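Spelled out from the first residue to the last, the chains are:
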Amino acid sequence: MIDRVEKQQASAMILTATEQALGVGVGCSAYVTSGMAGDIFRVWLRDGRTAIVKTARPERPTDFSSEAHALGMLAATNTVPVPEVLGVGADCLVMAELGSIEQTPTDAQWAILGAQLGQLHWEEGPHLGYVGSDTPVDPDETWADFWACRIRELTRLWRNPEVLTDDDLAGIERIIKVYGPQVPPSKPILCHGDLWRNNVHLGDDGRLYVIDPSLDYSHPEADLATTRINGPFPEVFYAGYRNTHPLADDWETRLPLYLLKELLGMTAQIAHEPSLRLLREFAAKA
């Protein structure tokens, strides 16, 4: 959260950055909310449109061109709805306003989004890993092998010894070794990468949009796993998913493996106690 003075300073910066990104005059702006990486504003353009502008904080510079590219890739699949990118600046990403209605999505809207995600999960990628990555490709590597390497590398990069103990590291290894062999085979599939509840937005047009993608070529079950944290999606969403894509009945038994990245991030980087407790519960059951 930013204070009043910071909001005023940021608002002035937003007007300039948006005009430079779009080449269109801006009438005024209003602070909306703050995210982990930056702040979000609503702006009123002089051509009559309303837009949403994401900004980065000085201490966390963001390459908004990558997010714009990811939104464009998702839009090109004609599956899950995403906000239209209006422009990208050095310090901001400008997107079409989706609306600000404060309503709870209906079961029908959730079911449609589930079916749309199922359609997205037919989009095959060239290799496992982040979109645009130049990581060498091993054609014989399974998703479980790929995931184990990623988790071990993130553990090395993120670990705070005062938070994650040696027993925790051993527990992470148990999770990898127990659940990895259970993962069904899958080709590299285009995945949203960060599909938790706050990244779903109900638009004024009655559609559910997905925002803030972290695109990678991964496993469909791993993409679904993030829908079970921080406010799980309703069951009708998964019923809708099954209408367009197969889903194993036991997929949730592998959540300890799929959620390792999120739990590591929350635990190792900000010492989030609930995430540490859940990580240890998963490890104890492995």
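This structure is a prediction, so every number in the text was calculated from the model and none was measured.

Novice: How do you make sense of the side chain of Glu67 when you look at a structure like this?
Specialist: Examined against the element boundaries, Glu67 turns out to sit in helix α2 (residues 64-77). With near-sequence residues (within four places) excluded, Glu67 lies in contact with Lys54, Leu93 and Asp212.

Novice: Sorry, what's going on with the packing of aromatic side chains here?
Specialist: For any pair of aromatic rings, the description consists of the separation of the ring centres together with the inter-plane angle of the planes. Scanning the model with the defined rule gives 8 aromatic pairs in all. Between the aromatic rings of Trp110 and Phe237, the centroid separation amounts to 6.3 Å while the plane-to-plane angle is 85°, which identifies the pairing as edge-to-face. Note that Trp110 is positioned in helix α3 (residues 107-120) and Phe237 in helix α7 (residues 235-242), a separation of 127 residues in sequence. Across the pair, exposure class does not vary: Trp110 and Phe237 are buried alike.

Novice: Where do I start with the environment of Asp212 in this structure?
Specialist: In this structure, Asp212 sits in the loop between β9 (208-210) and β10 (216-218). Assessed through its relative accessible area of 27%, Asp212 is described here as partly exposed. For the pair Asp212 and Val200, spaced 12 residues apart in sequence, the C-alpha to C-alpha distance is 9.1 Å. Setting aside anything within four residues of it in sequence, one finds Asp212 in contact with Lys54, Glu67, His192, Asp194 and Asn199. Within the local environment of Asp212, its side chain forms a polar contact with the side chain of Lys54, the two groups lying 2.7 Å apart.

Novice: Please explain the pairing of strand β4 (residues 85-88) as it appears in this structure.
Specialist: As a general feature of sheets, a regular strand has side chains that alternate between the two faces. With 3 bridges joining them, β4 and strand β5 (residues 92-96) adopt antiparallel strand pairing. Bridged to Val85 within β5 is Met95. Where β4 folds back on β5, the antiparallel hairpin that results is connected by 3 residues.

Novice: Hey, could you run me through empty space enclosed by the protein in this one?
Specialist: In this approach a probe as big as a water molecule rolls over the atoms, and the regions it shows empty are the leftover space. This model, assessed by the stated rule, comprises 1 cavity of 30 Å³ or more. As a volume, the largest cavity reaches approximately 150 Å³. Lining the largest cavity are 15 residues, with Trp147, Gly193, Asp216, Ala222 and Glu262 positioned closest to its centre. Where the lining of the largest cavity is concerned, the elements lending two or more residues are α4 (143-158), β10, α6 (220-225) and α9 (260-270). Counted by class, the lining of the largest cavity contains 5 nonpolar, 4 polar and 6 charged residues.

Parameters at a glance
Residues numbered from 1 in each chain as written. Predicted model: local features only at pLDDT ≥ 70, side-chain atom pairs only at ≥ 80, totals over all residues. Heavy atoms only, no water. Helix = DSSP H or I, 4+ residues; strand = E, 2+ residues; numbered from the N terminus. Contact = heavy atoms within 4.5 Å. Phe/Tyr/Trp six-rings, centres within 6.5 Å; stacked < 30°, edge-to-face > 60°. Buried < 20%, exposed > 50% of the residue type's maximum accessible area, 1.4 Å probe, protein only. Polar contact = N/O pair within 3.5 Å; in protein donor to acceptor, adjacent residues only side chain to side chain. Pairing = 2+ DSSP bridges. 1 Å grid on protein atoms, 1.4 Å probe; cavity = no way out; pocket = protein on both sides within 12 Å on 5 of 7 lines; lining within 4 Å. Points joined across faces, edges and corners; volume = space filled by probe spheres on them. Nonpolar A, V, L, I, M, F, W, Y, C, P; charged D, E, K, R; others polar.

These figures capture arrangement, not role.
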